[in-house]
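Close look at the chain arrangement
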Amino acid sequence: MSDAGNYDASVEVFGQGPAPSAVGPSPENVAAIRAHGWMENEKLNYDAFNAPTSETTPAWAGAAAVYEWTGEEGDIGPPDAELEGQLFGGEHNRAGTSLDHILNFKAIIDGPKQYKPIDSFDSAGLHPQVLENVKLCGYDQITVIQAYCVPIILAGHDLVAVAQTGSGKTAAYLVPIISKLMGKVRKLQGPRPAKGCRVRAEPLVVIVVPTRELAQQIYNEARRLCYRSMLRPVCAYGGIPMGINLQELGKACDLLIGTPGRLQDLMNKPDVLSMSRVKFTVIDEADEMLTSDWDTEMAKIMAGGDANEDPDHAYLLFSATFPKESRKVAKAYMNPDAIRVRIGRAGSTHKNVSQDIIFVERNMKKQALRDLLMSRDACRTLIFCNSKGGVEELDDYLYNEGFPTLFMHGDRSQLEREDAMRSFKSKQNGILIATNVFGRGIDVPQVNHVICYDLPGVEYGGISEYIHRIGRTGRIGHKGHATSFYNERNEDLAPALVNILLETEQPVPDFLEQFKPENGQPDFTEDVTDDEEEAEPGYVTAAGADGSAEAPADAWGTGSAPAAAAADAWGTGNNATATATTEAGPWGASAGDAAW
């Protein structure tokens, strides 16, 4: 049996069973659901969560405990067994055993200088405590995006990085950033509070993400990687009382992770937050952030207020997809010498996610979903709908049938969203029904099955959103399964969907055969950059392809950088143009087709 579980029922049976009773499920049906492995549902008591500081309520996810160390007795503090257990125990992003499909992508590098990819975190020249934290996290195998991005970020370059969902992009930027800062905290940090006082937060790193849940997830990763150091992460997002954010920022802040709206609000309080010390601005899920929907907020965050405009300020953009519109906006913020790293094709997925497309008429989708859930082993399952009303309607149906469901969308209170997330993570065989609010970057361990109950049409993000949705399973070496319900209303998505199936060597169902390219091969000719034909070969590099590529420079500020590397500690010196090569690097990087 694969990690994704058994799939015994044939497609033809879905939606063909008897319609559900209007008076609720029979005891026999409920017994069958329990016998199949789906646990008993629990009605959530939200009245018990009416006071965030009460004994019955866990702390806000964005205010979870961090390691506090003043540095009075050295830069690295003593271990904290209780906190260490909270940070590194249990389930959290540990790699699976099926890593081949995320370790063997071709890496395409475009920039004025070559950097050899590292073959392990041990060889990256990381700060010793960061390396120890990496090991505590269980990151035994470095992924391709990490291997290329770590040395580039350590050298201080602006960077655009595009890689598949579940390929380790968060660690690809957090590890080198925290390592680079950890040995310089005393010199660079903002003010620290005297006993009983608050200070203005002056972060060194700002990480901007589109959703609250992703902000919480990255915050937890920062908590782990900053463990035992003087670096203090803070998480700020909407939906929680502003006072919570002000309280945490007043204790000092070195890494600020947040959503655009709340960050903009905080920047309007100059006595609370200053951006004058920022050395790294990271835009995660950049394809979502660099759209017209976020114009005002992103302009404020990237260049507004008292933002640090010195050359030592690096901008890093990360995403799984990166359409033309986002690339054009990115150019306005990035240094012309920015390095671009693409792992595989932009917008692709990997073969660890097996995909089934099932034709289901609209009026039979609920019954088809019930049949599907009963045809596979019970497992942690994520179901996507396109609308908030659709989420609630489907939750009512499955809950009344006896399935253990939770639901999440943008109109739920923050308390309800955080409780749903906690509950989903705690249930081995739970079901979460969500809108696209859960589709980007969220990493819940052991989500073995993703179901697109509604396929995302163009108005809901199209094929890009499909890639993000199915990317919630099969993450970092784990296998997963994605099932999508298709009908005639989804024909606008069909050609792109078939291309994805062909690219990942998945079966194309008969009803989609008409959308296959004539030669039977995936066709992505329209997926090119706005300047692809203008790219100069002399600026296209293949990392690790020849001896001229640089190994990682002095990683945490205690030694001298190698020749031709950055002129100062932040990599602001002039770069020499690298010569292109067509030789393959360790992961097949080739300059011959590197323009993108």
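Computed from a predicted structure; not experimentally measured.

**Comments concerning the overall build of the chain**
In terms of regular secondary structure, the chain is built from 18 helices and 15 strands. Long-range pairs, those at least 24 residues apart, make up 81% of the contacts in the chain with a sequence separation of at least 6. For the chain, the accessible surface area stands at approximately 23500 Å², while carbon and sulfur atoms represent 48% of it.

**With respect to the confidence of the model for the chain**
Chain-level statistics for the chain give a pLDDT mean of 79 and a share of 77% at 70 or above. Between residues 528–548, whose pLDDT stays under 50, and residues either more than four places distant or in other chains, the model counts 62 contacts. Confidence drops under pLDDT 50 across residues 551–596; counting only partners more than four residues distant or on other chains, this segment forms 135 contacts.

**Brief notes about the nonpolar core**
By size, the foremost hydrophobic cluster in this structure holds 86 residues, and its most contacted members are Leu 159, Tyr 173, Phe 318 and Phe 438. Those residues in contact with Phe 438 that lie beyond four places of it in its chain are Leu 382, Phe 384, Met 408, Met 421, Leu 432, Val 444 and Arg 472. Leu 256, Leu 266, Met 298 and Met 302 belong to the second-largest nonpolar core, a separate cluster that totals 32 residues.

**Remarks on the sheet that holds strand S11 (residues 405–408)**
One open sheet accounts for 6 strands, arranged S9-S14-S13-S10-S12-S11; its pairing is parallel. Edge positions in the sheet fall to strand S9 (353–359) and S11, since each of these pairs with one other strand and no more. Direction aside, the axes of adjacent strands within the sheet are offset by 20° on average. Relative to strand S14 (residues 480–486), strand S13 (residues 449–452) is paired through 4 bridges, and the arrangement is parallel. Looking across to S14, one finds that Cys 452 is bridged to Ser 484. Set on the sheet, helix H16 (residues 414–426) makes contact with strand S10 (381–384), S11 and strand S12 (431–434); between it and S11 the angle comes to about 140°.

**Let's talk about a negative patch on the surface**
On the surface, Glu 361, Glu 459, Glu 488, Glu 491 and Asp 492 cluster together into a negatively charged patch. Looking at Asp 492, the relative accessible area reads 44%, which means it is partly exposed.

Thresholds applied
- Residues numbered from 1 in each chain as written.
- Predicted model: local features only at pLDDT ≥ 70, side-chain atom pairs only at ≥ 80, totals over all residues.
- Heavy atoms only, no water.
- Helix = DSSP H or I, 4+ residues; strand = E, 2+ residues; numbered from the N terminus.
- Contact = heavy atoms within 4.5 Å.
- Areas by Shrake-Rupley, 256 points an atom, 1.4 Å probe, with all protein chains shown as cover.
- pLDDT = per-residue confidence, 0-100.
- Core = buried A, V, L, I, M, F, W, Y, C linked by side-chain atoms within 4.5 Å.
- Buried < 20%, exposed > 50% of the residue type's maximum accessible area, 1.4 Å probe, protein only.
- Pairing = 2+ DSSP bridges.
- Axes fitted to C-alpha atoms, helices over the stretch in contact; angles between N-to-C directions.
- Patch = residues over 30% accessible without salt bridge, like charges linked within 9 Å, V, L, I, M, F, W, Y side chains within 5 Å.
- Salt bridge = Lys/Arg side-chain N within 4 Å of Asp/Glu carboxyl O.
- Lys, Arg positive; Asp, Glu negative; His and termini not counted.
- Charge placed at Lys NZ, Arg CZ, Asp CG, Glu CD.

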